[in-house]
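Residues per chain are reported as follows:
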Amino acid sequence: MPGIVTCEVKMHQEVSPGHYRLVVHSPQLAGEAQAGQFCMLEVQAGLFPFLRRPMCFERIFKDSVSILYKIEGEGTRLLSRLTQGQTISIQGPLGKPWPLDESIERHIFVAGGIGVAPFPALAEAMIAKLGKTPEVILAARTESMLLCEEEFHQMGCKVHLATDDGSAGEKAFASEVLTRLNPGTGTMVHCCGPMVMMKATHVACEALGIPCMTSLEAEMACGDGVCLGCVVESTIEIEAERMVRVCYDGPVFESTLINWAAY
Amino acid sequence: MGTSVDLSINLGGLKMKNPVTVGSGTFAYGQEYNSYFDVSRLGAVTTKSLSLQPRAGNNPPRLVETPAGMLNAIGLQNVGIDVYLKEKAPWLREHGCTIIGNIYGASPEEYAELAQRLEAEGAADAIEANLSCPNVHNAKTARGCTLVAQDPELVKAYTEAIRAATKLPLFIKLSPNVIDIAEPALAAEAAGADAISAINTITSMGINPETRKPILSNIVGGLSGPAIRPVAVKLVWDLSKVLKIPVLGMGGITNASDAMQFILAGATGVAIGSYTFRHPTAAMEVIDGLEDYCQRHDVAKITDLVGAMEV
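From a predicted model like this one, the values you see are computed outputs, not experimental measurements. Residue numbers here run from 1 along each chain, matching the order of that chain's written sequence. To label them, take the chains in the order written and letter them from A, then take the ligands in the order written and number them from 1. For this predicted model, a pLDDT threshold of at least 70 governs which residues receive local features, and a threshold of 80 or more governs which side-chain atom pairs are given and counted, while totals over whole chains, interfaces and linings are taken from all residues.

Undergrad: Any chance you could break down the overall build of chain B for me, citing the residues and the numbers?
TA: Where helices and strands are cited, they refer to DSSP runs of H or I of at least four residues and of E of at least two residues respectively, numbered from the N terminus. Across its full length, chain B holds 8 helices and 16 strands. A globule of 311 residues ought to have a C-alpha radius of gyration of about 19 Å, and chain B, at 18 Å, matches this closely. Expressed as lengths along the three principal axes of its C-alpha atoms, the size of chain B is roughly 55 × 45 × 40 Å. Counts of 20 or more other C-beta atoms within 10 Å of a residue's own C-beta define buried residues, counts of 12 or fewer define exposed ones, and intermediate counts define partly exposed ones; C-beta atoms are placed from the backbone. In chain B, buried positions account for 59% of the 311 residues. In chain B, 72% of the contacts between residues at least 6 apart in sequence involve partners at least 24 apart. Put simply, the radius of gyration uses C-alpha atoms, and a globule should come to 2.2 Å times the residue count raised to 0.38. For every residue pair, C-beta atoms are placed from the backbone, and the pair is scored as a contact if these atoms sit within 7 Å.

Here's what the structure looks like:
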């Protein structure tokens, strides 16, 4: 059940230019959160910013959770000033988690830039609950935007790097790297990143005949399925279900459920 | 909490145990926020606008944050009256909620049918007719936004049609986008409305200078949140001066102090809107805060404060 908790900041540091990791103490969130879910952070008291900021759980520890984010605007810039020992109001956990499918033999993560944020928790859950170690394709515009490589290595994951400018790993798109890994029957892809990248990954998975889960991001007001502000168009043709809520029906969706034509 | 304060109100025939409800569209159908507080504590739950058929609403993007508020063009996405009657209303009834059923139709006949069905099924205790949603016209083709609530003759015709279809207390929800809000309000009153709900969102828009494109796919949306509160308080004051029927005031309320501005301006009831998105327990805190206000000011009945601004 989602709730609102006031959490103490245990650690908050810049891990790469413009990218921060926030660790907050909350046995409640840590006890309830599942990989793929998210929470709504109150940046500060008062009316600016007016809305909370939705962010996924990067890792879920025994009595704390970590959040990995990128400064995108004024809200995240203000958030980055929060220091150890201060408190922050967090609403959650919210949304549907990544599915953990025991019948799948091979799991491949496709992460684009800050889209890597929900994957460390998923890798840990897969290792602990399924006994399967996922492979990870880490893609970004440039080397400094490749995050979490060390964490995945520590978990024993095979990591494939790709950058748009060739500054690290292959100079290729993540979907091209995915296709070269020859994923066959029994493989499931889990993807999070820019919409164009998830679309390309979805198309590649369709061609390969393998399932693809995508974790979407959207501006949202409530995070609870109420405001209907964060919807994306689905492939469902029933009027009542044509628009799906990223916050409540997702953020994790089977890629075939999303109408990618607009992206 | 003391029990000495009487927070109950009679809003155009709707008995509420306290003056606090929620703005249509900010509380879905009630159930969603029950994990944060007991929603039956509300004076009433106001539903998302219900239409005869389910609506998918506008294309995204539909929402953007603004200074002290937000801009939305949801376009009345809703489950439709059938699903509401089958799945949503029973939950509200089981949990002892008083229900204001908000309705939206494309014609007076549709509004009348919606009101009649809600009454026949016992699925609402009052009807709030949304004659003022700014987001159901395509701004690319329509000349500006024309709303029923902007034309007193149309307000009269729609109100008469709904009035003839139901005996439930009937609230007409008006738009701030008019020269004189008294005109549509008096038209509604003359046609048999029992209360006026004010205000709906203020029509507005945003443009991304980098892409030169509108921020909302619908181009135009509705502004809500504390940014619009002073506008709403003033319009409620305007209404209270001319109407015999009560006003349900709303627009940017975040706490009991904000709610008191509306009550002192002449609102009998108040609705918490967008701020619930930021702070899901806001409405409950307003109820507690109103009781505290009355105790601090030695007021026995909240209704003694309606329109009690001292000038």
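We are not done yet, so read on.
Undergrad: Got a sec to walk through the overall build of chain A? Specific residues and values, please.
TA: From N to C terminus, chain A includes 6 helices and 16 strands. In terms of overall dimensions, chain A is globule-like: its C-alpha atoms have a radius of gyration of 18 Å, near the 18 Å expected for 263 residues. Taking the principal axes of its C-alpha atoms as reference, chain A extends roughly 50 × 45 × 35 Å. For chain A, the residues scored as buried account for 48% of the 263 residues in total.

Undergrad: Can you lay out the interface of chain A and chain B for me, pointing to particular residues and giving the numbers?
TA: Frequently, the measure chosen for interface size is the accessible area removed from exposure when the parts meet. Listed by partner, the interface residues are 26 residues for chain A and 31 residues for chain B. For the side of chain A that touches chain B, the leading source of residues is strand β14 (residues 231-233) of chain A, giving 3 residues. Each residue is assigned to one of three groups, with Ala, Val, Leu, Ile, Met, Phe, Trp, Tyr, Cys and Pro labelled nonpolar, Asp, Glu, Lys and Arg labelled charged, and all others, Gly among them, labelled polar. For the side of chain A that touches chain B, the residue count by class is 17 nonpolar, 3 polar and 6 charged.

Undergrad: So what's going on with the domain arrangement of chain A? Which residues, and what values?
TA: Residues and elements named next belong to chain A. When cut into domains, chain A gives domain 1 (3-94), domain 2 (98-215) and domain 3 (218-263). Boundaries between domains were set according to an automatic or database domain assignment. Taking the mean C-alpha position of each, domain 1 and domain 2 sit 24 Å from one another. Counting from both sides, the interface comprises 14 residues of domain 1 and, opposite them, 13 residues of domain 2. Elements with a contribution of two residues or more to the side of domain 1 that touches domain 2: β1 (3-16), β5 (59-60) and β6 (64-70). Considering each element in turn, the side of domain 1 that touches domain 2 owes the most residues, 3 residues, to β6. Here the residues of the side of domain 1 that touches domain 2 are counted per class, giving 8 nonpolar, 3 polar and 3 charged.

Undergrad: I'd love a proper account of the sheet that holds strand β9 (residues 135-140) of chain A, names of residues and values included.
TA: Residue and element names in this part refer to chain A. Only when DSSP finds a minimum of two bridges between them are two strands counted as paired. Taking strand neighbours across the sheet as the criterion, the 7 strands line up as β11-β10-β9-β8-β12-β13-β16 in an open arrangement whose pairing is mixed. At either end of the open sheet lies a strand with only one pairing partner, and these are β11 (170-171) and β16 (252-254). As paired elements, strand β10 (residues 159-163) and β11 share 2 bridges and run parallel to each other. Bridge pairing links Thr-163 to Lys-171 in β11. To obtain an axis, a line is fitted to C-alpha atoms, over the contacting stretch when the element is a helix, and the angle between two such axes runs from 0 to 180 degrees between their N-to-C directions. Against the sheet, helix α3 (residues 119-130) touches β8 (106-112), β9 and β12 (187-192), its axis set at about 170 degrees to β8.

Undergrad: I'd love a proper account of the nonpolar core, names of residues and values included.
TA: A set of buried residues drawn from Ala, Val, Leu, Ile, Met, Phe, Trp, Tyr and Cys, joined through C-beta atoms within 7 Å, is what defines a nonpolar core. With 187 residues, the main nonpolar core has Ile137(A), Ile127(B) and Ile196(B) as its most contacted residues. In this structure Ile127(B) touches Gly101(B), Ile103(B), Ala115(B), Leu118(B), Ile162(B), Thr166(B), Leu168(B), Leu170(B) and Phe171(B), once residues within four positions along its chain are discounted.

Undergrad: So what's going on with helix α4 (residues 182-190) of chain B? Residues and values would help.
TA: All names here are of chain B. Along α4, the residues that are buried comprise Pro-184, Ala-185, Leu-186, Ala-187, Ala-188 and Glu-189. Packing partners of the buried residues in α4 comprise α3 (152-165), β9 (170-173), β10 (195-198) and α5 (229-242). One or two positions beyond α4, positive phi appears at Gly-192, with a value near 105 degrees.

Undergrad: Tell me about the packing of α3(B) against α4(B), and please be specific about residues and values.
TA: All names here are of chain B. Running from amino to carboxyl end, α3 crosses α4 at an angle of 25 degrees, the nearest separation of the two axes being 8 Å. Our classification of the angle between α3 and α4 gives roughly parallel. Note that α3 runs across α4; the crossing there is right-handed. Residues Pro-152, Val-155, Lys-156 and Thr-159 of α3 form the contact with α4, whose participating residues are Glu-183, Pro-184, Ala-187, Ala-188 and Ala-190. Throughout this description, any angle smaller than 35 degrees is read as roughly parallel, any larger than 145 degrees as roughly antiparallel, any in the 65 to 115 degree range as roughly perpendicular, and the remainder as oblique. By definition, turning the near helix anticlockwise from the far helix through less than a right angle yields a left-handed crossing, and turning it clockwise yields a right-handed one.

Undergrad: Lay out the sheet that holds strand β7 (residues 87-94) of chain A in plain terms, naming residues and giving numbers.
TA: Residue and element names in this part refer to chain A. Pairing in this open sheet of 7 strands is antiparallel, and the strands run β4-β3-β7-β1-β2-β6-β5 from one edge to the other. For this open sheet the edge positions go to β4 (53-56) and β5, each flanked by a neighbour on one side alone. Examined bridge by bridge, strand β3 (residues 38-41) and β4 share 4 bridges and lie antiparallel to one another. Bridge pairing in β4 links Cys-39 to Met-55.

Undergrad: Break down the environment of Leu243(B) for me, with residues and values.
TA: Along the chain, the position of Leu243(B) falls in the loop between α5 and β15 (247-250). Dropping the residues within four chain positions of it, Leu243(B) is found in contact with Ala185(B), Glu189(B) and Ile196(B).

Undergrad: Report on unusual backbone geometry, specifying residues and quantitative values.
TA: With the exception of glycine, most residues fall at negative phi, and the peptide bonds are largely trans. All names here are of chain A. In the segment running from Phe-48 into Pro-49, the intervening peptide bond is cis, with an omega of -10 degrees. Relative to the helices and strands, Pro-49 is located in the loop between β3 and β4. Along the chain, Gly-250 connects to Pro-251 via a cis peptide bond; the corresponding omega equals 10 degrees. With respect to the element layout, Pro-251 can be found in the loop between β15 (243-245) and β16. Although it is not a glycine, Leu-228 adopts a positive phi angle of roughly 65 degrees. Structurally, the position occupied by Leu-228 is in the loop between β13 (212-215) and β14.

Undergrad: Tell me what's going on with the environment of Tyr263(A), and back it up with residues and numbers.
TA: Residue and element names in this part refer to chain A. Inspection of the secondary structure assignment puts Tyr-263 in the segment after β16. A count of 14 C-beta atoms within 10 Å places Tyr-263 in the partly exposed class. Placed 153 residues apart in sequence, Tyr-263 and Val-110 show a C-alpha to C-alpha distance of 18 Å. With residues up to four places along the chain from it excluded, the contact list for Tyr-263 reads Met-195, Val-196 and Lys-199.

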